[in-house]
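Summary of the model geometry
As a plain string of letters, each chain reads:
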Amino acid sequence: MQFLSLAVLTVFLLLAAPTTAYKLPFESVAALAWDAGNGLRNHCTTWATQLGDYQYWISAAHCATDSDGNPDPSRDYYIKGKRAYLAAWNGTLDIAFFRGTSVRPLAVSVGSDLEPLTEIIVVGYPQGSPKPFVFKGTVVNGAFEYEDDPLHRTYAIYQIPVAGGASGSPVFDRAGVVVGMLQAMTCEMPQFVTYCSVSVGITVLNLQKALTEQRTHLSLM
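How each quantity is defined
- Residues numbered from 1 in each chain as written.
- Predicted model: local features only at pLDDT ≥ 70, side-chain atom pairs only at ≥ 80, totals over all residues.
- Heavy atoms only, no water.
- Pairing = 2+ DSSP bridges.
- Helix = DSSP H or I, 4+ residues; strand = E, 2+ residues; numbered from the N terminus.
- Axes fitted to C-alpha atoms, helices over the stretch in contact; angles between N-to-C directions.
- Disulfide = S-S within 2.5 Å.
- Buried < 20%, exposed > 50% of the residue type's maximum accessible area, 1.4 Å probe, protein only.
- Salt bridge = Lys/Arg side-chain N within 4 Å of Asp/Glu carboxyl O.

**Description of the sheet that holds strand β3 (residues 40-51)**
Strands sit in the order β2-β3-β4-β7-β6-β5 around a closed barrel of six strands; the barrel is antiparallel. Taken over all neighbouring pairs, the strand axes of this sheet differ in orientation by 45° on average, direction set aside. Two elements, β3 and strand β4 (residues 54-59), share five bridges in a ladder whose sense is antiparallel. When the bridges of β4 are listed, W47 appears paired with I58.

Written as structure tokens, this is what we have:
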């Protein structure tokens, strides 16, 4: 699969809109930070939702891995300036669950995968930004399968300009309901600027599957 992790790029895109232009639940979206040896920094984005009696912060699984690609629960994660803990990790669907400070949880779609040209809004934290940015775009394909993926997973493909640090960002529909999550992006690299105009994320149905599996796990505890 020819795309780059959103967590590894550090450039901002000027196409991002200021957050004041939209009425979205920004208090339920935050930066996922940790100290990678050069001080506490924002590395990814995370968002809150409710699963039964438990509230979780959701992000991409690759945001919670060590150098060997394994989940790293020992890392000192921070959400909204407070310590957070890796609670569950699904490498196949690239989704991780953290326990952290409680906020108003976001609603997640119970519908089907998105149709092409559906309008979407993404809220994320480009690396180093203390404030969230809003990115607007459309769905290219709501359930795309890469031919070279041995696991035959499906992804949502978005036409949306994003920047590094957006891994884990919630994707909203026009009603403010979460319909996906950014996980990777493809980029064009001119001489000095990196533009990432096409993004890859978890589909609506796979997001529902991951949340259901975690909810079932909790019921068995």
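**Structural notes on the state of the cysteines**
By definition, a disulfide links the sulfur atoms of two cysteine residues through a covalent bond. The full count for this structure, using the stated rule, is one disulfide. Put simply, C44 and C63 are joined by a disulfide, and their sulfur atoms are 2.1 Å apart. For the disulfide bridge between C44 and C63, the dihedral angle about the S-S bond is near -90°, and by the sign convention the bridge is left-handed. Here C44 is found in strand β3, whereas its partner C63 is found in the loop between β4 and β5 (77-79), with 19 residues between them in sequence. C63 shares its class with C44; the two are buried.

**Details of the pattern of salt bridges**
Following the criterion strictly, the structure yields four salt bridges and no others. Ionic pairing is found between R83 and D76, a salt bridge with its closest N-O pair at 2.8 Å. The class for R83 is partly exposed, based on a relative accessible area of 27%. For D76, a relative accessible area of 41% translates into the label partly exposed. Where R174 meets E119, a salt bridge forms, and the shortest distance between an N and an O atom there is 3.6 Å. A residue pair is termed long-range when its members are at least 10 positions apart, and R174 in the loop between β11 (170-172) and β12 (178-188) and E119 in strand β8 (residues 119-124) qualify at 55 residues. Taking relative accessible area as the criterion, E119 reaches 43% and is therefore assigned partly exposed.

Any link to function would need more than the numbers given here.
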